[in-house]
Amino acid sequence: MKKLLPILVLLAFVAFCYQIVVTFFITEHKIDYSLIASDQRHYTISEEYQREGERHYYSFLIQSKNKHYTTAVFNDFNKQDRVITDIKYYKKNDLECIFPVYKRNHTFDVLCLLDSQQVSPFYLLESGNSDFSFIAKKFSEEGYDEVYFKLEENAIEEENLSIYYDYIPKDYLFTIWNYRGIYIISSDGVENKVFLNEDHYENNLSIVAGKYYVTVNTDDEEKQLNYNQIILYNLQDGGKTLVEVDLSQDSYFNGTVNDKVYITDPKAKVQYVLDPSKKTIQEVDQPKQVINSQLKTADKDFFDSIQVDSNNVTNKKITSLYDTTDIRKNGDDFYFKTSDGGLYRVIQNDYEHPILLCQFDDIKEWQVHDDGLSFIIDDTLYFYSDLYGVKPIVKNLEFKYNYKNITHFIREE
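The structure contained in this document is the topic of the report that follows. Given the structure is predicted, the values throughout are model-derived calculations rather than measurements. (Residues numbered from 1 in each chain as written. Predicted model: local features only at pLDDT ≥ 70, side-chain atom pairs only at ≥ 80, totals over all residues. Heavy atoms only, no water.)

Our next topic: the side chain of H200. With respect to the helices, strands and loops of the structure, H200 is situated in the loop between strand 13 (189-194) and strand 14 (206-209). Every residue in contact with H200, bar those within four places of it in the chain, is listed here: W177, Y179, L205, T218 and E221. (Helix = DSSP H or I, 4+ residues; strand = E, 2+ residues; numbered from the N terminus. Contact = heavy atoms within 4.5 Å.)

Here is the structure:
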């Protein structure tokens, strides 16, 4: 026993040192492993992990025979690998669903194949798939959160809005332009921040850069030749700053790069860069185009037409397979919209097996960043996250008539 004690102490010390190294120095890993589930089904799993700051991102490609499932979760498993410990499986008619169980008995979303195409629970609910209702009830017995297979909770009526607080992730904020300022919506409530004395209907002079809502003071614009103030509002701490400017009323925002805003005044043939964190604005020596939040040297005719960032990226594989160029990127994941109104997500570059998140005839203003996706349908703003899947966030009758650049979201630091 006396000989065994030092060995145990040494092993404990080695394990402690290993955990220290993992915690402070390991920022990514890739591993393939096999899993025999509790029902004896065999799976192969490709697991990738990345850490950026406080962001812990795990993505998975799960295969069983000729079936492919992809998923991703944001969770800190102390950077451990092989974090899927079991997989539950149910099948009814043409619908097959698996329910991954992670270390510490964590559970997240269910993964489903409908006629061999992976689709989100929201898509199944929206299309009224009765087989999913049956399967979801089975998974609920395994700890599957009912929030995933409920289409809508009761909305709370506030500020002429119907807000689904139960579906708002705690680390996200949403903004809605209300003609004189913005509603700021979080899981804790809604605030109305007023910036203007007079209504400005079309929100063509606002943008979000990092944690700042940036807008132009348009009061008395009919009496003035130029705009003289830019309003900077810190969405996290509520701080407000006015930056003095001299911009013609033809001016517009090109887009943002590294949380800085590029502004073009075509009348004066000048481009500016605004740094909200420093509350400064300065002229750009050589005009730049903003393409997918990246800078590119502008052409000679830059000032002859409006140059606004679409946030689209190029992906020849997606365009070839799905005949679309409406493609966005967040981290390593791609999202794309097809002509029939389908919104898809590609994880681990598995282009042959994208996830159909939802399908609507008239998707408006879709945005992808900060590990989330938002879009407007009719009078409703929807949001997709790995926490809740696709869920309604707020209903606003104004969305039916005015939706361009009217909503934004950020993830709080």
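Right, let's get into the packing of aromatic side chains. On inspection of all chains with the given rule, the structure shows 25 aromatic pairs. Ring plane angle 70° and centroid distance 5.6 Å describe the contact between F122 and Y382, whose orientation is recorded as edge-to-face. With F122 in helix 2 (residues 121-126) and Y382 in strand 30 (residues 380-385), the pair connects residues that are 260 residues apart, well separated along the chain. With respect to class, F122 is no different from Y382; both count as buried. (Phe/Tyr/Trp six-rings, centres within 6.5 Å; stacked < 30°, edge-to-face > 60°. Buried < 20%, exposed > 50% of the residue type's maximum accessible area, 1.4 Å probe, protein only.)

Let's shift gears to the sheet that holds strand 2 (residues 42-52). A sheet is described by the order of its strands in space; here four strands give the open sequence 1-2-3-4, paired in antiparallel fashion. Each edge of the open sheet carries a strand with a single partner, namely strand 1 (28-36) and strand 4 (67-74). For this sheet the average axis-to-axis angle between neighbouring strands, irrespective of direction, equals 15°. Relative to strand 4, strand 3 (residues 55-64) is paired through eight bridges, and the arrangement is antiparallel. Its bridge partner being in strand 4, S59 is matched across the sheet by A72. (Pairing = 2+ DSSP bridges. Axes fitted to C-alpha atoms, helices over the stretch in contact; angles between N-to-C directions.)

This next bit is on the pattern of salt bridges. Counting across every chain of the model gives 13 salt bridges. Between R328 and D326 there is a salt bridge; the shortest N-O distance is 3.5 Å. Residue classification places R328 among the buried positions, given a relative accessible area of 11%. Look at D326 and you get buried, because its relative accessible area is 19%. Among the ionic pairs, D379 bridges to K395, the shortest N-O distance being 4.0 Å. One end of the pair, D379, is in the loop between strand 29 (372-377) and strand 30; the other, K395, is in strand 31 (residues 389-395), and 16 residues separate them in sequence. Assessed through its relative accessible area of 13%, D379 is described here as buried. Salt bridges here are not isolated pairs; linked through shared partners, they connect R55, D371 and R411. (Salt bridge = Lys/Arg side-chain N within 4 Å of Asp/Glu carboxyl O.)

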